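Per-entry structural report
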Amino acid sequence: SSAFVSVYGGPKMGLRCAVSDSGIGYLESIMKKPQDLQIYSKEELCSKDGYDNFRSILEAVFMRFGKKSYGLHSVINMISGINGTTRIHSDDTQVIFTPYNTPTKCDSDASIKEKGLEIASRIANLANKTLSIQSSPLRIRNEKLAGAHVEFEIPPMKKRGDDK
């Protein structure tokens, strides 16, 4: 499918980058390769309880977790490591990853599934405690957008925590 990329920023606001496509979204894409599922079973992923797209976004994030190939998890970790934010949107759901809910490397005794379920629980708990949809890390709306959308918000150097 076609894609759209937008990048803008400056020294005071940092850098914003958005990548969007008009494809079939994460859920449909992931269901084409059920053998690659890391966190949920095919039945759990498509349970039609209103959280299907939330689970599919987490599957997309953890798809290459622990592998040498570069994926969403790598980017989210890099962005969160400099106090940035990553927003991933598919269909009616947006998940926002910050340094507070970012999936980090697994301990040797923690499986990818355990780490994925831990992150899912953390995001859901934060969303349940949040009174405003504007500050929630999980947003599910009635409106649907085709495709997938990933936004990166990289803070200016002085807010990254890495300037000396």
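Residues numbered from 1 in each chain as written. Predicted model: local features only at pLDDT ≥ 70, side-chain atom pairs only at ≥ 80, totals over all residues. Heavy atoms only, no water.

Observations regarding the environment of Leu-37
Within the secondary structure layout, Leu-37 lies in the loop between helix H1 (25-31) and helix H2 (42-45). Sequence-wise, Leu-37 and Ala-60 are 23 residues apart; in three dimensions their C-alpha atoms are separated by 8.9 Å. Aside from chain neighbours lying at most four places away, what touches Leu-37 is Ile-30, Lys-42, Leu-45 and Glu-59. (Helix = DSSP H or I, 4+ residues; strand = E, 2+ residues; numbered from the N terminus. Contact = heavy atoms within 4.5 Å.)

Digging into a nonpolar patch on the surface
A cluster of nonpolar side chains, Val-5, Val-7, Leu-15 and Val-19, forms an exposed patch at the surface whose accessible area comes to about 310 Å². Those elements that provide at least two residues to the nonpolar patch are strand S1 (3-10) and strand S2 (14-21). Tracing the chain through its elements places Val-19 in strand S2. Note on Val-19: relative accessible area 33%, which makes it partly exposed. (Patch = residues over 30% accessible without salt bridge, like charges linked within 9 Å, V, L, I, M, F, W, Y side chains within 5 Å. Areas by Shrake-Rupley, 256 points an atom, 1.4 Å probe, with all protein chains shown as cover. Salt bridge = Lys/Arg side-chain N within 4 Å of Asp/Glu carboxyl O. Buried < 20%, exposed > 50% of the residue type's maximum accessible area, 1.4 Å probe, protein only.)

A look at the environment of His-149
Along the chain, the position of His-149 falls in strand S4 (residues 138-154). With a relative accessible area of 14%, His-149 lands in the buried category. The spatial distance from the C-alpha of His-149 to the C-alpha of Gly-25 is 8.8 Å, given a sequence separation of 124 residues. Excluding its chain neighbours within four sequence positions, the residues that come into contact with His-149 are Val-19, Ser-20, Asp-21, Arg-87, Ile-88 and His-89. One polar contact links His-149 to Ser-20, side chain to side chain, over a distance of 3.1 Å. (Polar contact = N/O pair within 3.5 Å; in protein donor to acceptor, adjacent residues only side chain to side chain.)

Overview of the packing of helix H3 (residues 52-62) against helix H5 (residues 112-129)
Interhelical geometry of H3 versus H5 gives an angle of 135° and a closest axis separation of 11 Å. Judged by the inter-axis angle, H3 sits oblique to H5. The interaxial crossing formed by H3 with H5 has right-handed handedness. Contact with H3, carried on its side by Phe-54, Leu-58 and Phe-62, involves Ile-112, Lys-115, Gly-116, Ile-119, Ala-120 and Ile-123 of H5 and no other residues of that element. Each residue belonging to the contact of H3 with H5 can be placed in one class, and the counts come to 7 nonpolar, 1 polar and 1 charged. (Axes fitted to C-alpha atoms, helices over the stretch in contact; angles between N-to-C directions. Parallel < 35°, antiparallel > 145°, perpendicular 65-115°, else oblique. Left-handed = near helix turned anticlockwise from the far one by under 90°. Nonpolar A, V, L, I, M, F, W, Y, C, P; charged D, E, K, R; others polar.)

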